[in-house]
Amino acid sequence: MNRFFRLGPVLRARKAQEDAARGAVIQSRQEIREAQALVKRRQLDLAGADAPTEGTARAMVASMVARQSLAATLSGAHRMVTEAEERTREKVAELADAAKRHRAVEMMAERHAETIRKHDLTVEQNTIDEIAITSKARNAARGIDALTEERANALRTGRGSIADRVAAAAAREDVARETANSVAAQRPLIDLADARVAIERTRAQLSLAAKRFEEPAEHEDEGSADDDNGSRA
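Since this is a predicted model, take the numbers as computed values, not measurements.

Participant: For this particular structure, what's the right way to read the overall build of the protein chain?
Facilitator: Within the protein chain, the regular secondary structure consists of five helices and zero strands. Scanning the protein chain from its N terminus toward the C terminus, one meets helices and strands in the order α-α-α-α-α. Look at the contacts in the protein chain between residues 6 or more apart in sequence, and 72% of them connect residues 24 or more apart. Element-wise, carbon and sulfur atoms account for 56% of the exposed surface of the protein chain, whose accessible area totals about 18000 Å².

Structural data, given as structure tokens:
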């Protein structure tokens, strides 16, 4: 099984696109706040520039022109707010699309990780089952009944309390001890006294055989000595 997620580069690219879109939304919202602050300032300026009620005609005209300029500036500030809000809506839509595309690839990565996890659990469980089967077969070959060996389910699945594991380990030790005792009981007993008697009997037989072998040799030596004496005479 391929443990490497092939769409990893795509996932990183989608994440970068989502981060960039989020940054653009933050920047556009900042522009909205700045445009709204500009509108407030222009409104205060326009409120402070009242129309003159007295003075020369030129001064009154100049004052009116200044108020019109402030009004135009205020109108421009309102347009800036509107445009900033429109750009923000576009950036939010782009962010939603980028987040959706990023989430799609991210879900694929999560499914791949879950598949790997399930595969690892299956391999681990198969290994545990194989070890258990091999252990039962080995015990059967040694004459141990596999049905009498208590095996806690927690030892195979990894679930259960510590007390269950300790009890299962103690049960295995008891079975091993009983098996060793039964094997020792089936061995024949050796009587050291009988062995000593057998050794002494064997030694006596060997000594007697050695004496019997030496007597003909002595007679032959005596005969050869007589022959020598006769030839010298």
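Still more to cover.
Participant: How do you make sense of the nonpolar core when you look at a structure like this?
Facilitator: Nonpolar side chains in soluble globular proteins tend to be buried together. Counting residues in hydrophobic clusters, the biggest one holds six residues: Ala35, Leu38, Val39, Leu74, Ala77 and Val81. Secondary-structure elements contributing two or more residues to this core are helix H1 (8-48) and helix H2 (57-141). Leave out the neighbours within four places in its chain, and Ala35 touches Ala77, Met80 and Val81.

Participant: Explain the environment of Val25 here, please?
Facilitator: As for its position among the elements, Val25 is in helix H1. As for Val25 and Glu90, which are separated by 65 residues in sequence, their C-alpha atoms are 8.6 Å apart. The contacts of Val25, once residues within four sequence positions are left out, are Lys91, Val92 and Leu95.

Participant: In this structure, what is going on with the pattern of salt bridges? I would like to understand it.
Facilitator: As enumerated under the stated definition, the model contains 12 salt bridges in all. For Arg22, the salt bridge is made with Glu18, and the minimal N-O distance between the two is 3.0 Å. A residue pair is termed a helical-turn pair when its members lie 3 or 4 positions apart in one helix, as Arg22 and Glu18 do in helix H1 at four residues. For Glu110, the salt bridge is made with Arg103, and the minimal N-O distance between the two is 3.2 Å. On the accessibility criterion, Glu110 (41% relative accessible area) is partly exposed. Judged by relative accessible area, which is 36%, Arg103 ranks as partly exposed. Taken together, the salt bridges that share partners define one network made up of Lys15, Glu18, Asp19 and Arg22.

What counts and what doesn't
- Residues numbered from 1 in each chain as written.
- Predicted model: local features only at pLDDT ≥ 70, side-chain atom pairs only at ≥ 80, totals over all residues.
- Heavy atoms only, no water.
- Helix = DSSP H or I, 4+ residues; strand = E, 2+ residues; numbered from the N terminus.
- Contact = heavy atoms within 4.5 Å.
- Areas by Shrake-Rupley, 256 points an atom, 1.4 Å probe, with all protein chains shown as cover.
- Core = buried A, V, L, I, M, F, W, Y, C linked by side-chain atoms within 4.5 Å.
- Buried < 20%, exposed > 50% of the residue type's maximum accessible area, 1.4 Å probe, protein only.
- Salt bridge = Lys/Arg side-chain N within 4 Å of Asp/Glu carboxyl O.

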